[in-house]
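Topology and contacts: notes
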Amino acid sequence: MLDTKSLSTALILILIIGCALHLVNWRMHRNNRGAKWWTLGLCVQTVGVIATAAVNAIGNPPMLAILLVNSLALSGLVMLVYGTASFADRPLPRAVYAGLASFILAGMGWATLVDPSATTRLVVFGLVQLISNGLILSRLGHIARRDGAMGVVVLAASVASLFLLMGSLVVWQLMTQPEITGMYGDGAVLAPAMLTLIACKTTMIFGYLLLSSGYSQARLEELALSDSLTGLPNRRAFERAVGQRLNSARKQDRLIALAIFDVDHFKQINDTYGHDAGDTVLRHLGRVAAGAVRPHDVLARVGGEEFAVIFDVEDAAELVTAANRLRLAIEIDQPRINEKPVAVTVSVGAVQAVSEPWLDFTDLYRAADQALYRAKGTGRNRVVVGEVDAIKQAA
């Protein structure tokens, strides 16, 4: 039968290894607040567990020392909660942390200084684990939606397991077991509690590391699909969005509308003011256009001074209205170069079509590009609507 001294030693070794891994992870993800607080929390928790084991090894340890080391171990768990909430960009109210800290101090203080009881301290420890893990679970859903489920599944499984097993052990101790004498006592619940902590802490350590990895991978994917100058989706992301809209339109029997627009006489702006000024114009145009489209529209910079939009509209009249709203917003909100406004206009080529099985991104884009060419050739600063069927027949 495994004794609690051997199990506590194994737990301490696992926590020390976890601290080393998380210190490396923090160094690799210095701008990640979650990695910072997970490392600090795990290190504080490890110091607390080591100190708790050392204090319990003393035959008759001072009650104040027991209070301090137990509170230290549990404060590391609170840091893990804070790190997870920060990482998810879903902070918890300060009152939650204040309440949790007050519960730790009040519970451990009562069970140590007022009415000394190792059983009560174990129950307080288990309840803090339950509350903290419940708070961690409440933030994992957002992380999964933002970064993917790779690390969330591992962490959620370990947290949920710890939640259920520790809860069961607390109930078992309260209902059927006699008073325990300490961490190294003979209570039947101690060994299962240690094994639970060892198994769940091991998977939690790697779960947090996977969260950091998933975050970095998601950010790299965002960079691969974003335009560095304007922050808008790039052509690759736009093609993907068009494909998704085409599939959705086929299933819902809806029309799909696409427009391309670019800056009129952009070369003249570069030649007159310089390429830095041209970049300023494009960044400004991206911000204005983003404010002029609706939430369900998809705006992207597809190359050079050329932008594209998927409009969520029902018919041709609504498409023309949406395209003109965009064009006028850009014409009215002029960029400033050397503190002086510069007149900037755009020409827009738009197309709307039924999402037939043969229709793809190339067909839509070619038709919109032809319409843009006609808008340029008939005076610029205007919207021209083309037809996909004509382009398909010509091909």
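Let us look at the structure shown here. (Residues numbered from 1 in each chain as written. Predicted model: local features only at pLDDT ≥ 70, side-chain atom pairs only at ≥ 80, totals over all residues. Heavy atoms only, no water.)

This paragraph deals with the state of the cysteines. Throughout the structure, instances matching the rule amount to zero disulfides. With no disulfide of its own, Cys19 has Cys43 as its nearest cysteine by sulfur position, at a separation of 3.7 Å. Residue classification places Cys43 among the partly exposed positions, given a relative accessible area of 24%. (Disulfide = S-S within 2.5 Å. Buried < 20%, exposed > 50% of the residue type's maximum accessible area, 1.4 Å probe, protein only.)

Before going further, it helps to examine helix H11 (residues 316-332). For H11, with 17 residues, the first-to-last C-alpha span of 24 Å sits near the 24 Å given by 1.5 Å per residue. Those residues of H11 that are buried are in contact with strand E1 (255-263), helix H10 (275-292), strand E3 (306-311), strand E6 (346-354) and strand E7 (383-386). Of the residues that open H11, the one with a side-chain oxygen 3.3 Å from the backbone nitrogen of Ala317 is Asp315. (Helix = DSSP H or I, 4+ residues; strand = E, 2+ residues; numbered from the N terminus. Expected span 1.5 Å × (residues − 1). Contact = heavy atoms within 4.5 Å. Polar contact = N/O pair within 3.5 Å; in protein donor to acceptor, adjacent residues only side chain to side chain.)

With that out of the way, let us pick up the nonpolar core. By size, the foremost hydrophobic cluster in this structure holds 44 residues, and its most contacted members are Leu11, Ile143, Leu155, Tyr208 and Leu211. For this core, the elements supplying multiple residues, two or more each, are helix H1 (4-28), helix H2 (33-57), helix H3 (63-87), helix H4 (94-114), helix H5 (118-147), helix H6 (150-176) and helix H7 (190-224). Not counting residues within four places of it along the chain, the set of residues in contact with Ile143 comprises Thr84, Phe87, Ala88, Gly148, Val152 and Leu211. Core analysis: the next-biggest nonpolar cluster, separate from the first, contains 33 residues, Leu232, Val293, Val309 and Ala322 among them. (Core = buried A, V, L, I, M, F, W, Y, C linked by side-chain atoms within 4.5 Å.)

Here Trp37 is to be found in helix H2. Trp37 sits in the partly exposed class, given a relative accessible area of 22%. Sequence separation between Trp37 and Tyr82 is 45 residues; the distance between their C-alpha atoms is 7.1 Å. Other than its neighbours up to four places away in sequence, Trp37 contacts Met79, Leu80, Tyr82 and Gly83.

In this section: the packing of aromatic side chains. The geometry of an aromatic ring pair is captured by two quantities: the separation of the ring centres and the angle between the planes. All chains considered together, the criterion is met by eight aromatic pairs. Judged by centre distance (4.9 Å) and plane angle (50 degrees), the rings of Trp38 and Phe87 are tilted. Residue Trp38 is found in helix H2, and its partner Phe87 is found in helix H3; the two are separated by 49 residues along the sequence. Since its relative accessible area comes to 0%, Trp38 is described here as buried. Ring geometry for Trp38 and Tyr208: centres 4.7 Å apart, planes at 40 degrees, overall tilted. Of this pair, Trp38 sits in helix H2 while Tyr208 sits in helix H7, and the two are 170 residues apart along the sequence. The pair Trp38 / Tyr208 is uniform in exposure class, with both members buried. (Phe/Tyr/Trp six-rings, centres within 6.5 Å; stacked < 30°, edge-to-face > 60°.)

With that settled, the discussion passes to the packing of H1 against H7. Between H1 and H7, whose axes approach to 9 Å, the crossing angle comes to 10 degrees. In terms of their interaxial angle, H1 and H7 are classed as roughly parallel. Of the residues assigned to the contact of H1 with H7, the class counts are 15 nonpolar, seven polar and one charged. (Axes fitted to C-alpha atoms, helices over the stretch in contact; angles between N-to-C directions. Parallel < 35°, antiparallel > 145°, perpendicular 65-115°, else oblique. Nonpolar A, V, L, I, M, F, W, Y, C, P; charged D, E, K, R; others polar.)

One non-glycine residue, His265, lies in the positive phi region at around 55 degrees. With respect to the element layout, His265 can be found in the loop between E1 and helix H9 (266-273). In this model, Arg380 sits at a positive phi of 65 degrees, which is unusual for a non-glycine residue. Its place among the elements puts Arg380 in the loop between helix H12 (361-377) and E7. The partly exposed category is assigned to Arg380, whose relative accessible area is 28%.

What follows deals with the packing of H3 against H7. Geometrically, a packed helix pair is captured by the angle between its two axes and the distance between the axes. Contact pair H3 / H7: the axes reach a minimum separation of 12 Å and the direction vectors enclose 25 degrees. Classified by the interaxial angle, the pair formed by H3 and H7 is roughly parallel. For the pair H3 and H7, the sense of crossing is left-handed. Judged by residue contacts, Leu77, Leu80, Thr84 and Phe87 of H3 engage Lys201, Tyr208, Leu211, Ser212 and Tyr215 from H7. Of the residues assigned to the contact of H3 with H7, the class counts are six nonpolar, two polar and one charged. (Left-handed = near helix turned anticlockwise from the far one by under 90°.)

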